[in-house]
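Overview (structure and organization)
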Amino acid sequence: MRVKKISEANLPTPWGNFLIIGFEEKNSYKNHIALIYGDIEKDIPILSRIHSECLTGDAFFSLRCDCGFQLKKALELISIENQGILIYHRQEGRNIGLLNKIKAYSLQDRGLDTVEANQKLGFSADERDFSICIDIFNILNIKKIKLLTNNPLKVKILKESGLEVTERISIIAGKNSNNFNYLMTKEKKMGHYLK
């Protein structure tokens, strides 16, 4: 296990009362969060979302991406299900970091798409490490999930880890004129399901 559980507390939200659990990476001391709603200890597939940190979308309501919209939608769907988990995966900007993401934004302002901008900065299209999320699922003893994602790579990685992904559920929210090219790049270059 690369992460360890640190602490937990109640977290009231507009979507209901969640349990917030803090995790820390053992080597880097970076931290990640799991938000739990309802009873996840039943032996049934748990509605789950891995949401990678996006300060600009999640906190500043950026229209350049769909991240903040997806975060709100996921919390809403979990509360409607009356059971679920959202892992807040703190790897900003597909794990290139906030300042590099702003540099990538600048390159996008000059005509590059998100993949090209990352590559121009010396990164791959997606630098995220989802093994941390797998460890969190294992610590919480979650074996079967219904995954809220449009990203086929997440499904593949989780299945290869031994986690049973019984269903992939699309989470399409926040399409607008500002993020049209961003979404088309995710669909055409990264294989995301956005229909």
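One can find the structure itself at the top, above this paragraph.
All of the points below concern the structure found in this document.

The helix and strand inventory of the protein chain stands at eight helices and seven strands. The C-alpha radius of gyration computed for the protein chain amounts to 16 Å, which stays within 12% of the reference 16 Å derived for 195 residues, consistent with globular compactness. Along the three orthogonal principal directions, the C-alpha set of the protein chain runs to about 50 × 35 × 30 Å. Sorting the 195 residues of the protein chain into buried and exposed places 46% on the buried side. Within the protein chain, residue pairs in contact and separated by at least 24 positions form 58% of the contacts whose partners lie at least 6 positions apart.

This part covers the side chain of His51. Tracing the backbone shows His51 in strand S4 (residues 46–52). Looking at His51, the relative accessible area reads 1%, which means it is buried. Among the polar contacts made by the side chain of His51, one reaches the side chain of Arg49 at a distance of 3.4 Å. Ignoring sequence-local partners within four residues, the contact set of His51 consists of Asp58, Cys67, Gln70, Leu71, Leu86, Ile87, Tyr88 and His89.

Applying the stated criterion across every chain yields a total of one cavity of 30 Å³ or more. Within this model, the largest cavity holds a volume of roughly 460 Å³. Cys67, Arg94, Arg128, Tyr182 and Lys186 are, among the 28 residues lining the largest cavity, the residues nearest its centre. Elements supplying a minimum of two residues to the lining of the largest cavity: S4, helix H2 (67–81), helix H3 (92–95), helix H4 (98–109), helix H5 (114–120) and helix H8 (180–190). Here the lining of the largest cavity is built from residues that sort into eight nonpolar, 11 polar and nine charged.

Criteria and cut-off values
- Residues numbered from 1 in each chain as written.
- Predicted model: local features only at pLDDT ≥ 70, side-chain atom pairs only at ≥ 80, totals over all residues.
- Heavy atoms only, no water.
- Helix = DSSP H or I, 4+ residues; strand = E, 2+ residues; numbered from the N terminus.
- Rg over C-alpha atoms; globule rule 2.2 N^0.38 Å.
- Buried < 20%, exposed > 50% of the residue type's maximum accessible area, 1.4 Å probe, protein only.
- Contact = heavy atoms within 4.5 Å.
- Polar contact = N/O pair within 3.5 Å; in protein donor to acceptor, adjacent residues only side chain to side chain.
- 1 Å grid on protein atoms, 1.4 Å probe; cavity = no way out; pocket = protein on both sides within 12 Å on 5 of 7 lines; lining within 4 Å.
- Points joined across faces, edges and corners; volume = space filled by probe spheres on them.
- Nonpolar A, V, L, I, M, F, W, Y, C, P; charged D, E, K, R; others polar.

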